[in-house]
Amino acid sequence: MTTASTAGWAERAVAEAAAAAGPDEPGRLSPEQQVLERIERARRRAPKVRESRITLAHGAGGKATHNLIEGLFVEAFRNPTLEELDDGAVLTVGSTRLAFTTDSYVVSPLFFPGGDIGDLAVNGTVNDLAVSGARPLYLAAGFILEEGFPVADLRRIATSMATAAGRAGVQVVTGDTKVVQRGKADGCYINTAGVGVLERPVALGTAQVRPGDAVIVSGPIGDHGVTIMLARGELDIAADLASDTAALPGLVDRLLDAAPGVRLLRDATRGGVATILNEVAQAAEVAVVVDEASVPVRPAVTGACELLGIDPLYVACEGRLVAVVDGTQAEAAVAALRGHPLGDGAAIIGRVTADPPGMVLLHTAFGGTRVVDMLVGDPLPRIC
């Protein structure tokens with residue numbers, strides 16, 4: 001897949017989207033220009049929270065989440081570090097660069113094939129630090145427990161967290177516990193915060209992304225989200241699937257060693273790969289063009305998503321990263337990822353182009369091209 005060919009997909013996508021506007025008229029913008037103008041106007045609008053009450057969509061990682069974050073929280077707490085909106089904040093204390101992050105976990109069910117809320121809480125926070133370019137060091141853990149929650153289950157969760165922390169090379173060094181009345185917390189919620197140190201002279205982020213860069217995923221996508229949905233037992237679907245929850249610092253180290261041209265790293269959790277790519281396209285003012293046939297998805301995930309009417313690109317992972325890498329180093333980056341057990345399914349799935357800025361386009365397996373927008377709604381709530 002070449003940059004020239006992806007640019008062609010971009011042009012076709014805009015042309016197809018504009019086709020309904022009819023032929024050009026003298027003195028008026030072409031249909032393609034009209035579509036791009038409408039998109040640009042929408043992008044420039046300040047995000048607003050239009051709902052009067054919080055909905056599940058506000059926690060899904062898509063458009064509603066972004067409107068809530070940018071239209072409410074960023075406005076309330078505005079500062080240059082927060083405005084980066086990365087997975088973790090990179091802070092300088094004296095001559096030391098630190099990464100700091102926090103996350104909360106409300107997954108249902110608490111125990112699922114491949115993991116539980118405990119190792120999910122550790123791995124998720126460790127990964128936010130790792131994709132910031134940091135070596136994770138310390139975690140804090142806060143527990144909100146429901147009256148009547150079995151102590152045996154809490155012990156199982158704590159043991160799982162300790163095991164995951166040991167594998168990731170971090171320590172849980174502080175925490176908090178609260179208990180609420182029966183029926184007020186769905187058993188157990190966990191908040192974790194993490195601190196890591198940046199030992200490499202790396203600058204990762206959307207500001208580094210350039211046309212010609214390659215987009216890479218470290219393995220099959222969608223395993224975690226579909227596993228959680230099937231574990232709820234609400235659907236009569238059986239599949240041999242397990243969550244991909246895992247700690248990624250070792251994988252990130254291998255990638256950064258092999259490809260100094262890594263521009264950006266993200267772990268594909270809420271909102272999936274599609275949401276990350278939209279964030280990149282909008283923040284960097286570039287286009288991202290994805291080849292659907294190159295996106296690794298397990299057959300069981302594809303089948304379940306087809307039955308549920310969900311696109312795997314929007315389904316959360318908990319042990320996969322998305323990397324944007326200098327296009328000349330893409331093959332070396334993939335080879336490095338494939339040399340690690342957590343990256344053996346790594347693949348180049350697309351390229352960054354200059355136009356149309358702010359858009360993600362998918363070249364489909366059937367030969368067409370469509371726009372991949374940011375997630376609307378919450379097809380799989382309570383997955384992390």
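Draft legend 1. Layout of the overall build of the protein. Of regular secondary structure, the protein possesses eleven helices and 14 strands. Sequence-distant contacts, at least 24 apart, represent 81% of the contacts inside the protein between residues at least 6 apart. A total accessible area of about 17,700 Å² is found for the protein, and carbon and sulfur atoms account for 53% of it.

Draft legend 2. Summary view of the side chain of D128. Along the chain, the position of D128 falls in helix α5 (residues 117-130). Buried and without a salt bridge, D128 has R266 as its closest oppositely charged side chain, separated by 8.2 Å. Sequence-distant contacts of D128, that is, excluding residues within four places in its chain, are made with D87, G88, T101, D103 and D267.

Draft legend 3. The environment of V352, seen in detail. As for its position among the elements, V352 is in strand β12 (residues 347-353). What makes V352 buried here is its relative accessible area of 0%. Here the alpha-carbon distance between V352 and R210, two residues 142 residues apart in the chain, equals 6.8 Å. If near-sequence neighbours (up to four positions away) are discounted, V352 is found in contact with V209, R210, P211, G212, D213, V215, V286, A287 and V324.

Draft legend 4. Spatial organisation of the nonpolar core. Counting residues in hydrophobic clusters, the biggest one holds 36 residues, and the most contacted among them are C188, I190 and V226. Residue assignment for this core shows that the elements contributing at least two residues are α5, β5 (135-146), α6 (151-168), β7 (188-197), α7 (223-231) and α10 (299-308). In contact with I190, other than residues within four places in its own chain, are D103, S104, Y105, I117, G118, A121, G142, F143, I157 and M161. In terms of nonpolar packing, the next biggest core, distinct from the first, is built from 29 residues, A60, V273, Y314 and C317 among them.

Draft legend 5. View of α6. Taking 1.5 Å as the rise per residue, α6 with 18 residues should run 26 Å; its terminal C-alpha atoms sit 26 Å apart, in good agreement. Where α6 terminates, the next one or two residues include G169, which has phi positive at roughly 75°.

Draft legend 6. Structural detail: the pairing of strand β8 (residues 214-217). The alternating pattern of β8 places A214 and I216 on one face and V215 and V217 on the opposite face, and all of these are buried. Two strands pair when backbone bridges link them, and β8 and β12 are joined in this way by four bridges, in the antiparallel orientation. Its bridge partner being in β12, V215 is matched across the sheet by G350.

Draft legend 7. View of the packing of aromatic side chains. One pass over the structure, following the stated rule, counts one aromatic pair. Centroid distance F73 to F77: 6.5 Å. Interplanar angle 5°. Geometry classified as stacked. Of this pair, F73 and F77 both sit in helix α3 (residues 63-77), separated by four residues, roughly a single helical turn. The ring of F111 carries R156 above its face, with NZ or CZ at 3.8 Å from the centroid.

Draft legend 8. Examining a nonpolar patch on the surface more closely. A contiguous nonpolar patch, built from I69, L72, F73, F77, L82 and L85 and spanning about 490 Å² of accessible area, is present on the exposed surface. Looking at the nonpolar patch, the element that brings in the most residues is α3, giving four residues.

Draft legend 9. Representation of the pattern of salt bridges in the model. Throughout the structure, instances matching the rule amount to 16 salt bridges. The salt bridge partner of D326 is R263, with a shortest N-O separation of 3.7 Å. Here the residue D326 occupies a position in the loop between β11 (321-325) and α11 (330-338), and R263 occupies one in strand β9 (residues 262-267), the gap between them amounting to 63 residues. A network of salt bridges, in which partner residues are shared, links D223, D244, R298 and R320.

Draft legend 10. How the structure looks around the sheet that holds β5. Taken together, five strands build an open sheet; the order of strands is β1-β2-β7-β5-β6 and the sheet is mixed. For this open sheet the edge positions go to β1 (89-93) and β6 (171-180), each flanked by a neighbour on one side alone. Between one strand axis and the next, the sheet turns through 20° on average, direction left out of account. In terms of strand pairing, β5 meets β7 through ten bridges, oriented antiparallel. Bridge pairing in β7 places L145 opposite C188.

Here is what the cut-offs are and how they apply
- Residues numbered from 1 in each chain as written.
- Predicted model: local features only at pLDDT ≥ 70, side-chain atom pairs only at ≥ 80, totals over all residues.
- Heavy atoms only, no water.
- Helix = DSSP H or I, 4+ residues; strand = E, 2+ residues; numbered from the N terminus.
- Contact = heavy atoms within 4.5 Å.
- Areas by Shrake-Rupley, 256 points an atom, 1.4 Å probe, with all protein chains shown as cover.
- Buried < 20%, exposed > 50% of the residue type's maximum accessible area, 1.4 Å probe, protein only.
- Lys, Arg positive; Asp, Glu negative; His and termini not counted.
- Salt bridge = Lys/Arg side-chain N within 4 Å of Asp/Glu carboxyl O.
- Core = buried A, V, L, I, M, F, W, Y, C linked by side-chain atoms within 4.5 Å.
- Expected span 1.5 Å × (residues − 1).
- Pairing = 2+ DSSP bridges.
- Phe/Tyr/Trp six-rings, centres within 6.5 Å; stacked < 30°, edge-to-face > 60°.
- Lys NZ or Arg CZ within 6 Å of the ring centre and 35° of its normal.
- Patch = residues over 30% accessible without salt bridge, like charges linked within 9 Å, V, L, I, M, F, W, Y side chains within 5 Å.
- Axes fitted to C-alpha atoms, helices over the stretch in contact; angles between N-to-C directions.

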